[in-house]
Amino acid sequence: MSSAIRSLPLDYDLTLDCIHCGLCLNSCPTYRQSGRESEGPRGRIHLMRALAEGRLEADQDCVEALDSCLVCRNCETVCPAGVQFGALMESARDHLPAPGLLARGLRWFGFRLVLPHRRVLGFLAGAVRLTQLLRLPQAIAPLLGQRGIALAHLPVFPEANKRRNLPPICPSTSERTEAVGMLEGCVQRQLYGDVNRATVAVLNACGADVHTPQDHACCGALHAHNGDLDEARRLAQKTIQAFEDMGGEPDMRIVLNSAGCGAHMAEYPRLFAEDPLWLPRADAFAQRVIDFSAFVAQAERAERLKKQLAPLAPRKVAWDDPCHLCHGQGITAEPRALLDLIPGIERVEMPGAGSCCGSAGIHALLYPAESNQLLDAKLEEFTSSEADVLITANPGCQMQWHGGFSRTGKATRPQHLAEILAASLAQGPQVVSKAKPPKKG
Amino acid sequence: MTKNWIDELRTIVGPRNVITGSESLAWESDGLSLVRGMGQAIVLPLDTEETVLVMKLLAREGVPVVPRGAGTGLTGGATPVEGGVTVGTARMREIFSIDPVGRLAHVQAGVVNSDLSVAARPHGLFYAPDPSSQAACTLGGNVANNSGGPHCFMHGSTTRHVRGVKLVDAQGQVLDLLASPADPEGLDLVGLITGSEGMFGMVTEVQLNLEPLPEEVQTIIAVFPSLDAACDCVSEAIAAHIEASAIEILDKLTIAAVEDSIFAAGYPREAEALLLVEAEGGALEVQETIDLVLQLAKKHGAMEIRSAQDKAERARLWAGRKGAFGAMGRVAPDLYVADVVAPRTRLREIVALAIKIAEERNLRLGNVFHAGDGNLHPNIAYDRRDEDEVRRVLEAGQLIMEACIERGGSLTGEHGVGVEKMTHMCDLFDDDDLNTMHRVRDALDPKRRMNPTKVLPLRACREVRNGGLPFSPMGNLGAKT
Ligand SMILES: Cc1cc2nc3c(=O)[nH]c(=O)nc-3n(C[C@H](O)[C@H](O)[C@H](O)COP(=O)(O)OP(=O)(O)OC[C@H]3O[C@@H](n4cnc5c(N)ncnc54)[C@H](O)[C@@H]3O)c2cc1C
Ligand code: SF4
Ligand code: SF4
């Protein structure tokens, strides 16, 4: 079906899956926010189709409509026609100009020069930490409006020794049953090294040795979501190569504790649809990728873990589904089941748990006002759930929630699922004292 | 586009809420993607006050107005018209109040149907009319189209649930028909506005009845070896005055589409037809109804009967049904959803005829319908880029409609007339009837600026009858294609 004129070579066939029924509208955070059809899934698909058919020119208005999308993929979860919205938007953005200076700058500087390089990342994290200790962001925040507010409430980058590599192999701490690979990530490693160490602790307790490639930085998810498929492809190749080179069983699972990276890596084959050399490798790789919660929630592993969990101080926890876990990977039950394993705590449901918190890759930077508005609604929902602690599983979401709590003067901090599991592990199976506050994992 | 009055609109609703740029193309169709139109702007007011100012301004400028809710309508009612302005309710999403004692909700017109039921649930109440599009369509749109839904078999369509509306007419005057606690007095203007398809003004607020959540609900599916058998089963159930709350039929193609989608409900794929029946009320009544269905289903040769074991399974069975139109997107890029009413004693005959009409034109037809109401939705999957297929689809749609009318049915069950069925009004009404409708319309909108070129044919029926196809797709509303 390629008779149409294609002014923009985006994946035209994907647009044809949409039957224009509109059932996705109310699931879309940006549509609910603005009421604009052009900022809802159906409208965006319609615009993309028109672009591909050459009926529409990609001017600023049109580009903005497409660019304001969170790529949260909530629309995919409700679409009966099976529209692959994420894939479609990636292919469109790859051909569209970035809508502003900041976006352009991020693409070329941040995405190409920083994220892929461990050393640059490490240097920058250290530099940012320094400015944070000097409270520079707070000082310049008033000059930057909404963006300044977000900047001032970023979590502080940890000291250097918390940003170091994981050892190449972290051996199982219970009866060894298997080995897995793990990705440390770019932002995750610099900002949330604790999360990575907690992830390792939980995997070790499940009986897995954890292998990490030592010279790898970024999976390329942000690049793909933001219109740089070439760089995304390059980083995907590097990632695949790194895990192939790491050795171990060829089908050894690769565990991801960042929902965004996991969703993207499971879809690597799409990047190489027209590359017969890389497609089989990407296919084999994608088969190995598995989310942390899905991996640990498997019956035998969960059983083993459960025996080692000790009570935490009583508190209510709420799970907030990261978009790329619930919409991108269809995983909703597993993290909840794991939280239910932890003695002492009570899990409560938060209304709207599957709706985007506004972090959405670099959306929070590009559209700070809209992003803060989405977060405000989430903060209200969190409060209404009466939970004490918010649990999630994606660095972007964790930063966003951190900023929201900090900005509204709440003492609580978001935790990664692995962190709270590791805290319960750290109590040791014999400890019965409930009063003790949990150690940080 | 530097027209002054457009700048004035921007001052009223804020610059972000007047859309005139290239992205306006996103609004060019509603749920009937065959029809496209481009107006001068889209305006999204926040409340009644802003709507009044917008409507006054548009009246001053003599600009036609197209009201729009979520744009899920299936007859082109919300398609922009050339030279007009589309006034949308997508930002009017506030639920003002829910009165649990009076069982009354007061909402803005842009509140999404299912959001009201969610908000009413903690009070043990729900909003009964449940169009399959309820997750997206607005209550204002439901009022304008007098929409139905599977459970309207028992609860009746929207008009039975509307207690009051606030309307901003074409001149920008507010007609406040919000219900007084007592019985309405005077003429039933609310009844007149319900089903008026945006021709009497912008509905900005609605008051709706809420129903108590039923004590007991049971849902069963029965699998039939043929569509005929399922239809006969329903016809007999109706004759026996069955008290079910919903009676739906899905055919094989639809089942396959649903089962391939994320709404896979566990419908047996081998079924030629599936009957989905729900009963609600007191435990005893529900059991009686279900027993009757079981008995009739067996009599008509049902191969398998299953009842939903719990809430989750019931929700799945309904999610499948409600996702059925969208799931047909897996069959072809576009779907033409016909909406006709057959006398319920002649279900089987008309369904068979629809199948024949589609087969003769080499079209893929799926049937999913509110069997209890005799409201058929023969759905034809097609590709709008194939001109000849489009022609055949429209022809089939027209023949199916005519067949229903000939046999004592009607041309729309619940989707309204819109653009799609405008010329068919002449099959059902004569010039005198239509003139009366025009006179009512003129009383509220003398300049005929509200949703023009829709619903009521402007030419005499004699000319319309010689006109051929109901409408020419793509561009009849002034689309720039
Ligand atoms: C998948 C799917 C399933 C559907 N299932 C059903 C079903 O089961 N039953 C059913 O009856 N319909 C169904 N429909 C049709 C459609 O959803 C209904 O007609 C619905 O009521 C339209 O609401 P909307 O908000 O989308 O209105 P729109 O499509 O935006 O508008 C519909 C009409 O109402 C007018 N209008 C809208 N808002 C206002 C207002 N505030 N004031 C005045 N006029 C207004 C418009 O001008 C237009 O003429 C379905 C549609 C789809 C796509
Ligand atoms: S994306 Fe899916 S749900 Fe949304 S309009 Fe298209 S087909 Fe319907
Ligand atoms: S990905 Fe998210 S923001 Fe983008 S259209 Fe879909 S639901 Fe809306």
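Residue numbering note: each chain is counted from 1, following its sequence as written. Naming scheme: in the order in which they are written, chains are lettered from A and ligands are numbered from 1. Residues qualify for local features only when their pLDDT is at least 70, as the model is predicted, and side-chain atom pairs are given and counted only at 80 or more; totals for whole chains, interfaces and linings, by contrast, use all residues. Side-chain numbers here rest on the full set of heavy atoms in the structure, without hydrogens or water.

We now examine the site of ligand 1. All names here are of chain B. One heavy atom suffices: a residue is near a molecule or strand as soon as one of its heavy atoms comes within 4 Å of it. Neighbouring ligand 1 are 36 residues; Pro67, Thr72, Ser133, Thr138 and Ser147 lie closest to it. Within 3.5 Å is the distance limit for a polar contact, defined as a pair of N or O atoms, with the added protein rule that one can donate a hydrogen and the other accept it, and that residues adjacent in sequence qualify only through two side-chain atoms. In this structure, an oxygen atom belonging to ligand 1 sits 2.6 Å away from a side-chain N or O atom of threonine 138. Coverage of ligand 1 by the protein amounts to 99% of the 970 Å² it exposes when considered alone. A run of H or I in DSSP counts as a helix once it spans at least four residues, and a run of E counts as a strand once it spans at least two, with each numbered from the N terminus. Here the shell around ligand 1 gets 5 residues from one element, more than from any other, and that element is helix 4 (residues 139–145). Three residue categories are used. Nonpolar comprises Ala, Val, Leu, Ile, Met, Phe, Trp, Tyr, Cys and Pro, charged comprises Asp, Glu, Lys and Arg, and polar comprises the others, including Gly. Residue composition of the shell around ligand 1, by class: 12 nonpolar, 21 polar and 3 charged. Methods summary: accessible areas were calculated by the Shrake-Rupley approach with a probe of 1.4 Å, and residue burial reflects only the protein chains presented.

For this document, the term salt bridge refers to a Lys or Arg side-chain nitrogen within 4 Å of an Asp or Glu carboxyl oxygen. Tallying each qualifying case throughout the model produces 56 salt bridges over all chains. With a closest N to O distance of 2.8 Å, glutamate 37 of chain A and arginine 42 of chain A form a salt bridge. Three exposure classes are used, based on accessible area relative to the maximum for each residue type with a 1.4 Å probe and protein chains only: buried under 20%, partly exposed in between, and exposed over 50%. Accessibility expressed as a relative area gives 2% for glutamate 37 of chain A, which makes it buried. The exposure class of arginine 42 of chain A is buried, given its relative accessible area of 0%. We note a salt bridge from arginine 407 of chain B to glutamate 406 of chain B, for which the minimum N-O separation is 3.8 Å.

Our focus in this paragraph is the packing of helix 7 (residues 227–239) of chain B against helix 12 (residues 347–360) of chain B. Residue and element names in this part refer to chain B. To obtain an axis, a line is fitted to C-alpha atoms, over the contacting stretch when the element is a helix, and the angle between two such axes runs from 0 to 180 degrees between their N-to-C directions. With their axes 8 Å apart at the nearest point, helix 7 and helix 12 run at an angle of 150 degrees to one another. The orientation of helix 7 with respect to helix 12, classified from their angle, is roughly antiparallel. Regarding helix 7 and helix 12, the two cross each other, and that crossing is right-handed. Where helix 7 approaches helix 12, its residues Leu227, Asp228, Cys231, Asp232, Val234 and Ser235 are matched on the opposing element by Leu347, Arg348, Val351 and Ile355. For the contact of helix 7 with helix 12, the residue count by class is 6 nonpolar, 1 polar and 3 charged. Any angle that is under 35 degrees is reported as roughly parallel, and any over 145 degrees as roughly antiparallel; angles of 65 to 115 degrees are reported as roughly perpendicular and all others as oblique. Handedness of each helix crossing follows the sense of rotation of the near helix against the far helix: counterclockwise by less than a right angle gives left-handed, clockwise gives right-handed. Contacts are residue-level and defined by heavy atoms, with any inter-residue pair within 4.5 Å sufficient.

Right, let's get into the interface of chain A and chain B. Opposite the 41 residues of chain A that make contact, chain B presents 50 residues. Inspection of the chain A/chain B interface yields 4 salt bridges. Our enumeration of links across chain A and chain B arrives at 13 residue pairs in polar contact (both at pLDDT 80 or more). Within the residue set of the side of chain A that touches chain B, elements represented by two or more residues are helix 2 (29–34), helix 3 (41–53), helix 4 (60–67) and helix 5 (74–78) of chain A. Per-element accounting of the side of chain A that touches chain B gives the leading share, 7 residues, to helix 3 of chain A. Its residues assigned to classes, the side of chain A that touches chain B comprises 18 nonpolar, 10 polar and 13 charged.

Let us now look at the domain arrangement of chain A. Residues and elements named next belong to chain A. Source of the domain bounds: an automatic or database domain assignment. The domain architecture assigned to chain A consists of domain 1 (3–94), domain 2 (101–152), domain 3 (160–297 + 427–434) and domain 4 (309–424). With centres defined by C-alpha atoms, the gap from domain 3 to domain 4 works out at 21 Å. The interface of domain 3 with domain 4 comprises 31 residues on the first partner and 29 residues on the second. Note on definitions: buried area is the accessible-area loss of two parts on being combined, 1.4 Å probe, summed for both. For the pair domain 3 and domain 4, the summed buried area comes to about 2300 Å², and 70% of that belongs to carbon and sulfur atoms. Put simply, domain 3 and domain 4 have 0 salt bridges between them. Where domain 3 touches domain 4, the interface holds 9 residue pairs in polar contact (both at pLDDT 80 or more). For the side of domain 3 that touches domain 4, the secondary-structure elements that each account for two or more residues are helix 11 (187–191), helix 12 (193–205), helix 13 (221–225), helix 15 (259–266) and helix 18 (292–297). For the side of domain 3 that touches domain 4, the leading source of residues is helix 12, giving 6 residues. Along the lines of polarity and charge, the residues of the side of domain 3 that touches domain 4 split into 16 nonpolar, 11 polar and 4 charged.

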